[in-house]
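Residue-level structure breakdown
One letter stands for each residue in the lines below.
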Amino acid sequence: MKRLYIKTYGCQMNVYDSARMADVLAPHGYAPVDAPDDADMIILNTCHIREKAAEKVYSEIGRLRPFKRRKEANGDRMIIAVGGCVGQAEGEEIIARADCVDMVFGPQTFHRLPELVARATRASGEKVVDIEFPAEDKFDHLPEEASSQGVSAFLTIQEGCDKFCTFCVVPYTRGAEQSRPVAAVIAEARRLAASGSRELTLLGQNVNAYHGRGPDGTEWTLGQLLFELAESVPEIERLRYTTSHPRDVDDSLLAAHRELPQLMPYLHLPVQSGSDRVLAAMNRKHSADDYRRIVDRLRAARPDLALSSDFIVGYPGETDQEFAETLRLVTDIGYAQAYSFKYSTRPGTPAATEHQVPAAVKDDRLSSLQQLLRAQQTAFNQSKRGAEMPVLFERRGRYDGQILGRSPFMQPVHAEAPERLIGTIATCRIVDVLNNSLKGEVLTVEAESAVDQPVAERVRA
Ligand code: 5AD
Ligand code: SF4
């Protein structure tokens, strides 16, 4: 067996892609390991969304170099590969800047890994770069998932983006928008369910722009797909999707939120800014009020819906007034959780050449926004104190006798309860609210057929 170490940066789609890279390489004798020191192949599955992400990759390569040299001194080889979005964006440049890198590939070519590896491992020590956007569909060439993702799994249904927000590299690194056919998604969902998954998070850069081919030959929406998954894969008790765009919230998606108990009441719906001038400059094609109305409609469909968002502060030309409009929008909506970033210039994107906001101003704005968002998150978590809610337990906790799961709103919940509850949904009372998690007490167990009495009694028995 050859040792394969994959390090993943960035978004959940990269986490999914890394698992699929391991699936592609498994039949070729590569087994995953947890440490890079003695690996035969290292893949850095990279992220290009913000500046620092790429810099982190170069410093990681620097840390790996001595491992590679040590292996070479012992007469062995270590292949270092850079995959993902930095690979796509920088290509040959990576090999020019870091000569210990043997292979560079992008998000759309990792199904070709066996061939790329064969070339890179030749005695000649050929450097291999494959950053094509191939005509063939990657998913048609990937093997079935080799290993379980566990209780909560990711499933990519859509990839790429045609929206071209002026700050964003995704349309360039992930390519044009593409949706997988409904039948392929259902088949993968069934396999994940059979391997023990109970929750699926459907992934896409623009997941609610999904328009995959349905069994009837028409293009299906994300809403239709969610209804189909809920009906035809009943073992999947929880459904989520990310990342969505406000412009693609349609009636079928609202209906799914209204009618499907499996669809969790938590939605990541990035708005980026609360200023109409900035939103227009960003090419978001929606106003702050459009966003408010969309949230109103979602909450009308699912009153307990909790929201999350992404924000960018210090977009080129953003004034104090415009930033204040972002704070106002945050106050109006009330978020359960959110991510916020200082604008960072991405070469090749339209915003990169605009008038930049000074770094100190961005710092100030980020800290006031984060203060507000943190206060909202704390208030949201505190509002759950004493509440009863279903928790899907995913794994053992840090301490003996403790298990860890998630609330419908993505909050981590830990409880002292038997391990056999892992993989099941149990009703918990929230007895304490800590900084990053909730403490629950298991009350009853749903989805376990034989036993109806409260788990507390069964635990004692
Ligand atoms: N600068 C800062 N943040 C960015 N994002 C995307 N591009 C940039 C950039 N150039 C943020 C957006 C997006 C999230 C994934 O990353 O908020 O929603
Ligand atoms: Fe990037 Fe999202 Fe805008 Fe697409 S919709 S360009 S992925 S920020």
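Note: the structure precedes this text.
Residues numbered from 1 in each chain as written. Chains lettered and ligands numbered in written order. Predicted model: local features only at pLDDT ≥ 70, side-chain atom pairs only at ≥ 80, totals over all residues. Heavy atoms only, no water.

1. Topic: helix H9 (residues 251–259)
Operational definition: Here's how the labels work: a residue is buried when its accessible area is under 20% of the maximum for its type, exposed when over 50%, partly exposed in between, all with a 1.4 Å probe on protein chains only. Helix numbers and strand numbers start at the N terminus; a helix is a DSSP run of H or I with at least 4 residues, a strand a run of E with at least 2. Here, two residues are considered to be in contact whenever any of their heavy atoms come within 4.5 Å of each other.
Of all the residues in H9, the buried ones are Ser 252, Leu 253, Leu 254, Ala 255, Ala 256 and His 257. Packed against the buried residues of H9 are helix H8 (222–232), strand S11 (238–242), strand S12 (266–268) and helix H11 (288–301).

2. A short note on the environment of Gln 356
The condition that has to hold: Whenever a nitrogen or oxygen atom comes within 3.5 Å of another N or O atom, the pair is scored as a polar contact, on the condition that within protein one atom can donate a hydrogen and the other can accept it, and that pairs from neighbouring residues in sequence are kept only if both atoms are in side chains.
With respect to the secondary-structure elements, Gln 356 resides in the loop between strand S14 (337–342) and helix H13 (359–382). In contact with Gln 356, other than residues within four places in its own chain, are Pro 316, Tyr 343, Thr 345 and Ala 351. Within the local environment of Gln 356, its side chain forms a polar contact with the backbone oxygen of Ala 352, the two atoms lying 3.4 Å apart. Within the structure, Gln 356 has its side chain in polar contact with the backbone oxygen of Glu 354 (distance 2.9 Å).

3. With respect to the side chain of Ser 437
Looking at the element boundaries, Ser 437 is found in the loop between strand S18 (425–433) and strand S19 (438–445). Separated by 3.4 Å, the side chains of Ser 437 and His 414 make a polar contact. Not counting the four nearest positions on each side in its chain, Ser 437 is found in contact with Pro 412 and His 414.

4. A word on the pairing of strand S3 (residues 41–46)
The cut-off we apply is this: In this analysis, strands are considered paired if DSSP registers two or more bridges between them.
Burial analysis of S3 places six of its six residues in the buried class, the great majority of the element. A two-sided burial pattern is seen for S3, the buried positions comprising Met 41, Ile 43 and Asn 45 on one face and Ile 42, Leu 44 and Thr 46 on the other. Of the pairings in the sheet, the one linking strand S1 (residues 2–8) to S3 comprises five bridges and is parallel in character. By the bridge assignment, Ile 6 is partnered in S3 with Ile 43.

5. Points about the site of ligand 1
To keep it simple, the criterion reads: Proximity criterion: a residue is near a molecule or strand once any of its heavy atoms comes within 4 Å of it. Per-residue accessibility takes into account occlusion by the displayed protein chains alone, with areas from the Shrake-Rupley method and a 1.4 Å probe.
Around ligand 1, the structure places Ile 49, Arg 50, Phe 167, Gln 272, Asp 310, Ile 312, Phe 341, Lys 342, Tyr 343, Ser 344 and Arg 346. Arg 50 places a polar side-chain atom, nitrogen or oxygen, 2.7 Å from an oxygen atom of ligand 1. For ligand 1, an oxygen atom lies 2.6 Å from a polar atom in the side chain of Asp 310. In the complex, 87% of the free accessible area of ligand 1, which totals 400 Å², lies under the protein chains. Listing elements by their share of the shell around ligand 1, those giving two or more residues are strand S13 (306–313) and S14.

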